[in-house]
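Here are the chains, one letter per residue:
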Amino acid sequence: MTTVTQPQSESGHRAHLGWALALITVAQLMVVLDATIANIALPYIQEDLGFTNAGLTWVVTGYALAFGSLLLLGGRLGDLYGRRRIFMIGLIVFAIASLLGGLAQSESLLLAARALQGLGAAMASPAALALITTTFPAGPARNRAFAVYAAMSGAGAAVGLILGGWLTGSGFDLGGVFIHGWRLTFLINVPIGLIAAFMAPRVLSESERHPGSLDIPGALTGSLGLLGVVYGLSRAGNAEYGWGDARTLTSLAAGVVLLAVFVIVESRQANPLLPFRIFTNRTRAASFVAMFLMPAGMFSMFFYLSLYVQNVMGYSPLKTGFSFLPFSVGIVIAAMFASKMVSKVDPRFLAGTGTLMASLALVGFSRIPYDTSFPASDVTASYATDILPFIVLMSLGMGMTFVPLTLSAVHHVETRDSGIGSGVLNTMQQVGGALGLATLSTIAQHVWTSTGKDFSAAADKAMGAAQAAGQPAPSAEQMQRLQEIAQQQIYTHGATVGFLAGAAMILGASLIVWIFLTVKHQELATDAAEHPEAGVHI
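Starting from 1, residues in each chain are numbered consecutively following that chain's sequence as written. Under the rules for a predicted model, residues below a pLDDT of 70 receive no local features and side-chain atom pairs below 80 are neither given nor counted, while totals for whole chains, interfaces and linings still include all residues. Each side-chain value is derived from all of the structure's non-hydrogen atoms; neither hydrogens nor water enter the calculation.

### Things to note about the overall build of the protein chain
In this description a helix means any DSSP run of H or I spanning at least four residues, a strand means any run of E spanning at least two, and both kinds are numbered starting from the N terminus. When you go through the protein chain residue by residue, the secondary structure sums to 17 helices and two strands. In terms of overall dimensions, the protein chain is globule-like: its C-alpha atoms have a radius of gyration of 24 Å, near the 24 Å expected for 538 residues. Counting only C-alpha atoms and orienting by the principal axes, one finds that the protein chain spans roughly 110 × 60 × 45 Å. Considering the protein chain as a whole, with its 538 residues, one finds that 53% of them fall into the buried category. Contact definition: two residues touch when any of their heavy atoms are within 4.5 Å. Counted over contacts in the protein chain with a minimum sequence separation of 6, partners at least 24 positions apart contribute 85%. Accessibility throughout is a Shrake-Rupley quantity obtained with a 1.4 Å probe, and a residue counts as covered only by protein chains that appear here. When the accessible surface of the protein chain is totalled, it reaches about 22300 Å², and 66% of it is carbon and sulfur. On the protein chain, the mean spot of the 27 positive side-chain charges and the mean spot of the 27 negative ones are 8 Å from each other. The globule rule used for comparison is 2.2 Å times the number of residues to the exponent 0.38, while the radius of gyration itself is calculated over C-alpha atoms. The rule is simple: take the accessible area with a 1.4 Å probe, protein chains only, and divide by the maximum for that residue type; under 20% is buried, over 50% is exposed, in between is partly exposed. Neither His nor the chain termini are counted; the positive set is Lys and Arg, and the negative set is Asp and Glu. Each charge is placed at NZ for Lys, CZ for Arg, CG for Asp and CD for Glu.

### Quick look at the pattern of salt bridges
For salt bridges, the criterion is a side-chain nitrogen of Lys or Arg within 4 Å of an Asp or Glu carboxyl oxygen. The full count for this structure, using the stated rule, is eight salt bridges. Residues Asp245 and Arg235 are paired through a salt bridge, measuring 2.7 Å at the closest nitrogen-oxygen approach. Note that Asp245 is positioned in the loop between α9 (216-236) and α10 (246-267) and Arg235 in helix α9, a separation of 10 residues in sequence. Between Lys520 and Asp346 there is a salt bridge, and its shortest N-O distance comes to 3.6 Å. Separated by 174 residues along the polypeptide, Lys520 in the segment after α17 (476-516) and Asp346 in the loop between α13 (325-341) and α14 (347-365) bring together distant segments of the chain. Judged by relative accessible area, which is 35%, Lys520 ranks as partly exposed. Take Asp346: its relative accessible area is 10%, and that puts it in the buried class. One network of salt bridges, with partners in common, ties together Arg76, Asp79 and Arg83.

### Description of the side chain of Ser366
Tracing the chain through its elements places Ser366 in the loop between α14 and α15 (383-409). N or O atoms closer than or at 3.5 Å make up a polar contact, with two conditions inside protein: a donor-capable atom paired with an acceptor-capable one, and, for residues adjacent in sequence, both atoms drawn from side chains. One polar contact links the side chain of Ser366 to the main-chain carbonyl oxygen of Val363, over a distance of 2.5 Å.

### Examining the packing of aromatic side chains
Working definition: a ring pair exists when centres of Phe, Tyr or Trp rings (six-membered ring for Trp) sit within 6.5 Å. Plane angles under 30 degrees give stacked, over 60 give edge-to-face, the rest tilted. Inspection of every chain in the model, using the stated rule, returns 10 aromatic pairs. Seen in terms of ring centroids, Tyr304 and Phe499 are 5.9 Å apart; in terms of plane orientation they differ by 80°. Their pairing is edge-to-face. With a gap of 195 residues between them, Tyr304 in helix α11 (residues 282-311) and Phe499 in helix α17 connect regions that are remote in the sequence. Ring geometry for Trp448 versus Tyr491: centroids 5.4 Å apart, planes at 20°, classification stacked. Note that Trp448 is positioned in helix α16 (residues 418-468) and Tyr491 in helix α17, a separation of 43 residues in sequence. The class for Tyr491 is buried, based on a relative accessible area of 14%. Among the aromatic residues, those joined into a ring-pair cluster are Tyr304, Phe365, Phe390 and Phe499.

### So, the packing of α16 against α17
Simply put, an axis is a line fit to the C-alpha atoms, just over the touching stretch for a helix, and the angle between two N-to-C directions goes from 0 to 180 degrees. For the pair α16 and α17, the least separation of the axes is 8 Å and the interaxial angle reads 145°. Crossing of α16 over α17 shows right-handed handedness. Packed against α16, whose contacting residues are Gly436, Thr439, Leu440, Ile443, Ala444, Val447, Trp448, Thr451, Gly452 and Phe455, the element α17 presents Ala486, Ile490, Tyr491, His493, Gly494, Ala495, Val497, Gly498, Ala501, Gly502 and Met505 at the interface. Charged residues are taken to be Asp, Glu, Lys and Arg, nonpolar residues to be Ala, Val, Leu, Ile, Met, Phe, Trp, Tyr, Cys and Pro, and polar residues to be all remaining types, Gly included. The class makeup of the residues in the contact of α16 with α17 is 13 nonpolar, eight polar and no charged. By definition, turning the near helix anticlockwise from the far helix through less than a right angle yields a left-handed crossing, and turning it clockwise yields a right-handed one.

### Regarding the environment of Leu274
You can see Leu274 is positioned in the loop between α10 and α11. Leu274 sits in the buried class, given a relative accessible area of 7%. Not counting chain neighbours up to four residues away, the residues in contact with Leu274 comprise Leu72, Phe262, Glu266, Phe279, Ile420 and Val424.

### Some remarks on a nonpolar patch on the surface
The residues that make up patches have over 30% relative accessible area and no salt bridge, and they are joined within 9 Å when like-charged or within 5 Å when they are Val, Leu, Ile, Met, Phe, Trp or Tyr. Among the surface-exposed residues, Phe349, Leu356, Leu507, Leu511, Trp514, Ile515 and Phe516 lie close enough to one another that they form a single nonpolar patch of about 630 Å² accessible area. Within the residue set of the nonpolar patch, elements represented by two or more residues are α14 and α17. Counting residues per element, the nonpolar patch draws most heavily on α17, at five residues.

### Some words on the environment of Phe87
Looking at the element boundaries, Phe87 is found in helix α4 (residues 83-103). According to the relative accessible area criterion, Phe87 is buried, its value standing at 0%. Distance from Phe87 to Gly120, taken between C-alpha atoms, is 8.8 Å for residues 33 residues apart in sequence. Aside from chain neighbours lying at most four places away, what touches Phe87 is Leu23, Ile24, Ala27, Ala124, Ala127, Ala128, Leu131, Ala200 and Leu204.

### A word on the packing of α4 against helix α8 (residues 189-203)
Where α4 contacts α8, the axes come no closer than 8 Å and their chain directions differ by 160°. Classified by the angle between their axes, α4 and α8 sit roughly antiparallel to one another. In terms of crossing hand, the pair formed by α4 and α8 is left-handed. On α8, the residues touching Arg84, Phe87, Met88, Leu91, Ile92, Phe94, Ala95, Ser98 and Leu99 of α4 are Asn189, Val190, Gly193, Leu194, Ala196, Ala197, Ala200 and Pro201. Across the contact of α4 with α8, the residue classes break down as 13 nonpolar, three polar and one charged. If an angle is under 35 degrees, it is roughly parallel; if it is over 145, roughly antiparallel; if it lies from 65 to 115, roughly perpendicular; otherwise it is oblique.

### Points about the confidence of the model for the protein chain
Per-residue confidence from the predictor is reported as pLDDT, which spans 0 to 100. In this model, the protein chain carries a mean pLDDT of 82, and residues with pLDDT of at least 70 account for 91%. Note on residues 1-9: pLDDT under 50 across the span, and two contacts to partners over four residues away in sequence or across chains.

### Focus on the nonpolar core
The nonpolar side chains of soluble globular proteins are, as a tendency, buried together. Phe87, Phe327, Ile387 and Met394 are the most contacted members of the largest nonpolar core, which totals 123 residues. Ranked by residues supplied to this core, first place goes to α11 with 12 residues. We define a nonpolar core as any set of buried Ala, Val, Leu, Ile, Met, Phe, Trp, Tyr and Cys residues linked to one another through side-chain atoms lying within 4.5 Å.

### A look at the environment of Arg114
Note on placement: Arg114 falls in helix α5 (residues 107-135). According to the relative accessible area criterion, Arg114 is buried, its value standing at 1%. C-alpha of Arg114 to C-alpha of Gly433: the two residues are 319 residues apart in sequence and 19 Å apart in space. Other than its neighbours up to four places away in sequence, Arg114 contacts Asp34, Ala38, Val59, Val60, Tyr63 and Phe186.

Spelled out as structure tokens, the structure:
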């Protein structure tokens, strides 16, 4: 007896794609927001587990290091063994690591859990992006899916600040045992990750597996090389170490050497971890480079602005998180707009306009008022006029940029390379963000140091003149207040210079987009299967 399978209805197909997109984006949001959700909880983690100041920074950087250095490996694992399978394993690893972090009773266990979270994220994130490419047909459906993915990726940092602020203050009593709020920033991932892994086989189809053994030499040299570079950049951006620190330079040098060895190894492998054919398409290469430069600007906004509104404007952690809520709303609106326009307008015009908007927003932040003369006056920005308009402008620019760049970055990647293509894109964002933040921190630190010296010299000169004139010296309380104001104003000066440097980086990305991103919008509506030569064609 022959069984006839009825074709799936159009509404049923759309519903299936909707559930698939919801699952992928929830998982991606969980991965992205975990980079910032613990930031606000750091003081409470330090108090509860007895972290040193140096060890505390590893709660944040440990996750970023593991995530950034293992993305290429995670992407390739999906290509070889099935993207849905690696996506599920990544989510389960992430959930288990979050449980360990939430229950951690020591510094070492929490840091190990954060590194394990990075491993899970490095497996799940490139697989999620690749699953969009293989699940959604080219055209409007895929454009909308990428818009939602890009919006969640961009809004995740702001959502993490809000959620972290709320959860940190939400401890509760469980059978006589008080669960500190900071633990909830980890434990909240456990049900989300496990439910997403459970639902994956029900709404996602498994990708075709591609024969070939895992490139172990490439995995070791590539992952360790990226680890060395990202670790070195993280130390370089830390005022305690800087670019002249021996361990910073050693880490960077070792990372560069290992990456050079990685290139040699990959050129001789039959099944390389990173097929260099990924970079031979000019559109894709331009998108990768632009995506390398863009996160620096966004990182500078979150890094400097979140400190400014807390330390200078006096915002509470939760209020700080909500001050970035317009960014989340704006990037979602802009991403959905870009997804509709990308089928009518070439990516160059959308991404080019978006990068110009983002750079203009950073220029706006650079105009935050400050006073570094002696005695410094207590000058602060107005959120409504000096900050909010540029948060909105930044979000709109990023939303208009990420969607077309993501589409063009995975455009006509051969099916067998979808996972590693997504891994390269994620790696560019992570390493580019680390490099950008380290560079901007170095610039800001130089301004803080030089301005502080100038201010101290002016203060000594003014105090000497006052004493010569027989004027009474300020009281200890007055001097302390003057020093606090001076530190706030000097910080603001350095931050504004950092914003300008970030604007210059995004302008560099804009220049690359306008010159090299020549793909037409009609081409984005086609699949690699229709143009198999596109994967290797220059």
